[in-house]
Amino acid sequence: MTAPALLVATGITKQFGGILALDHVSLDVAAGEAVGVVGPNGAGKTTLFNCLFGLDDPDEGSVVFDGQSIDRMPVWKRSRLGIGRTFQRMELFEGMTVADHLLVAEQAANGTVRIWRDLLHRGGPTPAELHHVEEVLDLLGLVELAGRPVDTLDLGHGRLVELGRAMMGKPRLLMLDEPSSGLDAEDTTRLARILGETRRSTGVAVVLVEHDLALVEATVDRLYVLDFGKVLASGGVAEVLADPEVRRAYLGSTA
Amino acid sequence: MSQFFNYAVPGVPFGCVFALMSVGLVLTYKASGVFNLAFGAQAFVSALAYVSLVQDGWPRWAATVIAVAVIGPIVGIVLDRLLFRRIRTASPLVKLVPSLGLLVALPQVALIIAGSTPTIPPPAIVGDAQHVYLHLGSVPLSGLELSITVSTIVVVAVLVALFRFTPVGLEMRAVVESPRMTELAGINAGRISAFAWILSSMMAALAGVLLSPLYSQLDPQNFTVLLVWGVAGAVIGRFASLPLALLGGLGLGVAQQVVAGYLPAGVIANGLRPSLPFVVLLVFLPLARQRQIDDPLSGCDPPSSAVERGITGYRSATTVAASEGSVHTVGVWHQRLDALPGGRMTGILTRRPTATFSWVVAVVAVASALTWVPPDWLLTMNQGVAFAVIFLSLTLLTGMSGQISLCQATFAGLGGFMAGQLANHFGLPVVLGMVAGGLLAGALGVLVAVPTLRLAGLPLALATLAFALLADNILFPNSWIGNGASGVTVPRPSAGPVSFAAAKPFFVLSLGVLAVAAGIVKLVGDGTMGRYLSAVRGSELAANSVGIDVYRLRILVFALSAALAGVGGALFGSLEGSLSANDFGYQISAVLLVVVAIVGLGSITGAVVAGVVYTTLQVAVTSLPTRFAGLVAVLFGLATLSYTRHPEGFLDVLSGRVQSVVAERRARRLPGGPTGSGRRPSPPGDEATRDTDPVAEGAG
């Protein structure tokens, strides 16, 4: 890893009642790198995501993004710093169209909204913003669906909209929380392809929490295995998956 | 210490009554998901039945049994079956509006059924209310106080026994913990929740019957106050714990007497007592919010159906024209981007076919007002315009941003008082006073918003309700603000040589103010703010995660909305010539919200129609013989019932119907044209929108 570290999480610990969800978990992501986080259900993957993203406050540990500590930073500020994320249970803006999702995200990322602009009828999107929306629509193959309310989309396209929304504002890190859950093989393949294209064209770094090992292997450079809130193993994908302990804890439980 | 004792003991009976309400509220909230503000009205209904029966010569024990054990549960079951069972998973607004509507309508309906208000002072259920039976230390205990305390202890004992030792009690405890888990265990949560309704309605009924002798006359208002105390107790119980709610209610009863006892008499002491619930709510609501995620299966709720979920505006205004694969918006909130095949983006804003009709009606109405309409009608119309401005503040706050405020009337009142005070004391022109009133209300809005807006939905609604109560008791009586019962005069404005004192010029001025207010709402809705707000309504979590500072956005909208309400209140004050605290009491806020929700929170037209409807109804109430005036309340109640079926408001339903008729006519008139009548735009908000794509539904 010669590239400078983009995200460095050190000793993240989080306790819910009597349950130790995360026990001194450390994780780092280099700029442009794709890192996978796998582990059985309840291993603490989503909690780790929430701690990194600011939805949960870790009891211990620190998170540094791009050389800057973001420990006490609210979610929306982290987002503006350049962290985009998707959710395991989809969180779409019901009733809004696909294009609107991207536009909202773009404007929010730019932080250009002022109420007086709206009152002077100057609140509309700028050409540059619209252009970026179009670019991302194009990248995700959503142009045809741009005007559809998201409620009418199927799950696969819904996940793409979430991905697109996270891509607006040109983030440097994408956090994807089980993007393939609920998708069929065809949708997953498409997702993997689009994810690959996205990384090539934007150079964005990715943290991927995922159960689908095919998607993980197709996407990530490096892998962390979580089990009972601890990092069980980390390193290159092939060697981690070959680790007997990993096979017992993770693959064994699914077999 | 003994002095504390002297103050505290008389508080116990109050506390008992509050505690009954609190426990009832928590019980139904946890068992059925509805925070039933109509408990205040249910308490009144039973109290009315009790006093009426006693007046007709029934023995008091029999009247108590009928009122508490028969009428109370019947009302509860009817409400559960007709109304609340349907809205278990609906949005907070859809859950709240019906209970608010019933809070207002139910007492009136009961008064109609009873025929007349009882004239005798309400008696205690046992013993002589005033007679002192024994002394506790040096504190005399009257029959009333004893009867309240003893019967509450009995009820609590019965409850504890029920919960501890019976299978139903066990199941109910399970439902209160987690309705979904209980259902998974094979228990019919619906049956248990019906049982919870019966129990809690009986508690509300008992609270009403016990409380009534504390006042010399039966007045629905007293029972609303009782409700607010009960709410505060429920909040202390974090909406979840029955024992805590019980203790909370009891503690509040004692606390209010102690506060009143220690503080010197005066505005502050008199005001502090009724505003204690607000303080309690501010302190305890944040705690209550954290508890809500304790249900292990929370978040596993099935997505509610489209109609229930969509509050207003955006969703119900969406129409999919599947035939062309493109989308047209018939809504107003903001322009949709439509990607054309060439990749070019254009804003498309289609007008409702009914928009032209509304404009024609508006123009005819204004033309008539300025020509042949008699003066008293003109006054009503002008009041309608002033209230339309206030309703617009709700269109912005509730319709667009999804927040529920039960203190809009308070902001309106503050704006009006400010305009009047500035004109009277400093000679500020009234038009400027209106602006200043709006600004003051907006500033106050920020003050209210900062501590309360971290809470959304129900907790926010309750906090604003408590604030309204606080304003009624502390701010409005102050001579620098509302000047108590005598009120504040608000002159009609004049600008240089132009005077707006006469009715017609003032009407024109009012229209101007309305136009500006409507313009603000429309610009905000169409602009980026509107887009942000619908994003936040869709998913607050996701909105935060794309970089929207949701908290700040909420404060901004709340302040803007408060300012609009303030301007509307100032306009109304100037129209009437004077304002008093009664014009904008806290119960008015509830009525305003219900009215505009029923008419339609999704559009500017909705606010204007709501203004006209509201003032017309008021004229009807005052000018009709009392017997018929009650009918207005019945109508109000019925409209409330229908609201749960059409949360988008009747305007949208109407225009949806018109639209589908128009569409059908057109389809028929074009022979050989696309025979897509089956694929026509579904009328917004009508049954058709419920049929969402099954695939998409699975995605939720």
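Source: prediction; values computed, not measured.

Each value, and the rule that gives it
- Residues numbered from 1 in each chain as written.
- Chains lettered and ligands numbered in written order.
- Predicted model: local features only at pLDDT ≥ 70, side-chain atom pairs only at ≥ 80, totals over all residues.
- Heavy atoms only, no water.
- Helix = DSSP H or I, 4+ residues; strand = E, 2+ residues; numbered from the N terminus.
- Contact = heavy atoms within 4.5 Å.
- Areas by Shrake-Rupley, 256 points an atom, 1.4 Å probe, with all protein chains shown as cover.
- Lys, Arg positive; Asp, Glu negative; His and termini not counted.
- Charge placed at Lys NZ, Arg CZ, Asp CG, Glu CD.
- Expected span 1.5 Å × (residues − 1).
- Buried < 20%, exposed > 50% of the residue type's maximum accessible area, 1.4 Å probe, protein only.
- Polar contact = N/O pair within 3.5 Å; in protein donor to acceptor, adjacent residues only side chain to side chain.
- Phe/Tyr/Trp six-rings, centres within 6.5 Å; stacked < 30°, edge-to-face > 60°.
- Lys NZ or Arg CZ within 6 Å of the ring centre and 35° of its normal.
- Domains from an automatic or database assignment.
- Buried area = accessible area lost by both parts, 1.4 Å probe.
- Salt bridge = Lys/Arg side-chain N within 4 Å of Asp/Glu carboxyl O.
- Patch = residues over 30% accessible without salt bridge, like charges linked within 9 Å, V, L, I, M, F, W, Y side chains within 5 Å.
- Arc of directions from axis to C-beta.
- Axes fitted to C-alpha atoms, helices over the stretch in contact; angles between N-to-C directions.
- Parallel < 35°, antiparallel > 145°, perpendicular 65-115°, else oblique.

1. A word on the overall build of chain A
Here is step 1: Looking only at helices and strands, one finds 10 helices and 10 strands in chain A.
Here is step 2: Summarising the internal contacts of chain A: among those between residues at least 6 apart in sequence, 69% fall at separations of at least 24.
Here is step 3: Total accessible area computed for chain A in this model is approximately 10400 Å², and 51% of it derives from carbon and sulfur atoms.
Here is step 4: Side-chain charges of chain A comprise 24 positive and 36 negative groups, with the mean position of each set lying 5 Å from the other.

2. Describing helix 11 (residues 242-262) of chain B
Residue and element names in this part refer to chain B.
Here is step 1: Between its first and last C-alpha atoms helix 11 spans 30 Å; for 21 residues at 1.5 Å apiece the expected length is 30 Å, and the two agree.
Here is step 2: Among all positions of helix 11, only Leu-242, Ala-245, Gly-248, Gly-249, Leu-252, Gly-253, Val-254, Gln-256, Gln-257, Val-258 and Val-259 are buried.
Here is step 3: For helix 11, the N-terminal capping position is held by Ser-241, with its side-chain oxygen 3.0 Å away from the main-chain nitrogen of Leu-244.

3. Focus: the packing of aromatic side chains
Here is step 1: Enumeration over the complete set of coordinates arrives at 17 aromatic pairs over all chains.
Here is step 2: With 5.9 Å between their ring centres and 80° between their planes, B:Phe411 and B:Phe558 make a pair best called edge-to-face. Of the two residues, B:Phe411 sits in helix 17 (residues 408-426) while B:Phe558 sits in helix 23 (residues 550-576), which places them 147 residues apart along the sequence. This pair shows no difference in class: B:Phe411 is buried, exactly as B:Phe558 is.
Here is step 3: By the ring-pair criterion, three or more aromatic residues cluster together here, those being B:Phe387, B:Phe391, B:Phe572, B:Phe584 and B:Tyr614.
Here is step 4: One cation-aromatic arrangement involves A:Arg165 over A:Phe93; the distance from NZ or CZ to the ring centre is 4.7 Å.
Here is step 5: Geometry around B:Phe506 places B:Arg492 over its ring, the cationic atom sitting 4.5 Å from the centre.

4. A short note on the domain arrangement of chain B
Residues and elements named next belong to chain B.
Here is step 1: Domain parsing of chain B yields domain 1 (2-305) and domain 2 (374-585).
Here is step 2: One C-alpha centre belongs to domain 1, the other to domain 2; they are set 32 Å apart.
Here is step 3: Roughly 2000 Å² of surface becomes buried between domain 1 and domain 2 when both sides are summed, with 87% attributable to carbon and sulfur atoms.
Here is step 4: Counting every contact that joins domain 1 to domain 2 gives zero salt bridges.
Here is step 5: Here domain 1 is connected to domain 2 by zero residue pairs in polar contact (both at pLDDT 80 or more).
Here is step 6: Among the secondary structure elements, those contributing two or more residues to the side of domain 1 that touches domain 2 are helix 5 (92-114), helix 10 (220-236) and helix 12 (267-291).
Here is step 7: For the side of domain 1 that touches domain 2, the leading source of residues is helix 12, giving 12 residues.

5. Some details on a nonpolar patch on the surface
Residues and elements named next belong to chain B.
Here is step 1: A surface patch of nonpolar side chains, amounting to about 310 Å² of accessible area, comprises Val-70, Ile-74, Val-78 and Leu-82.
Here is step 2: Residue position: Leu-82 is located in helix 4 (residues 60-82).
Here is step 3: A relative accessible area of 43% places Leu-82 in the partly exposed class.

6. Re helix 5 (residues 127-140) of chain A
All names here are of chain A.
Here is step 1: Between its first and last C-alpha atoms helix 5 spans 20 Å; for 14 residues at 1.5 Å apiece the expected length is 20 Å, and the two agree.
Here is step 2: Taken together, the buried positions of helix 5 are Glu-129, Leu-130, His-132, Val-133, Val-136, Leu-137 and Leu-140. Angularly, the buried residues of helix 5 cover 160° about the axis, an arc narrow enough to put them on a single face. Residues of helix 5 that are exposed and angled more than 90 degrees away from the buried face: Pro-127, Ala-128 and Asp-138.

7. Observations concerning the packing of helix 20 (residues 503-526) of chain B against helix 23 of chain B
Residue and element names in this part refer to chain B.
Here is step 1: Where helix 20 contacts helix 23, the two axes come as close as 11 Å, and the packing angle between them is 175°. Between helix 20 and helix 23, the angle is such that the two are roughly antiparallel. Every residue of helix 23 that contacts helix 20 at Phe-506, Ser-510, Val-513, Ala-517, Ile-520, Val-521 and Val-524 is listed here: Leu-560, Leu-564, Val-567, Leu-571, Ser-574 and Leu-575.

8. Some words on the environment of B:Tyr262
Residue and element names in this part refer to chain B.
Here is step 1: As for its placement among the helices and strands, Tyr-262 is situated in helix 11.
Here is step 2: For Tyr-262 and Val-109, which are 153 residues apart along the polypeptide, the C-alpha to C-alpha distance reads 41 Å.
Here is step 3: Setting aside residues no more than four positions away along its own chain, Tyr-262 makes contact with Gln-3, Phe-4 and Tyr-7.

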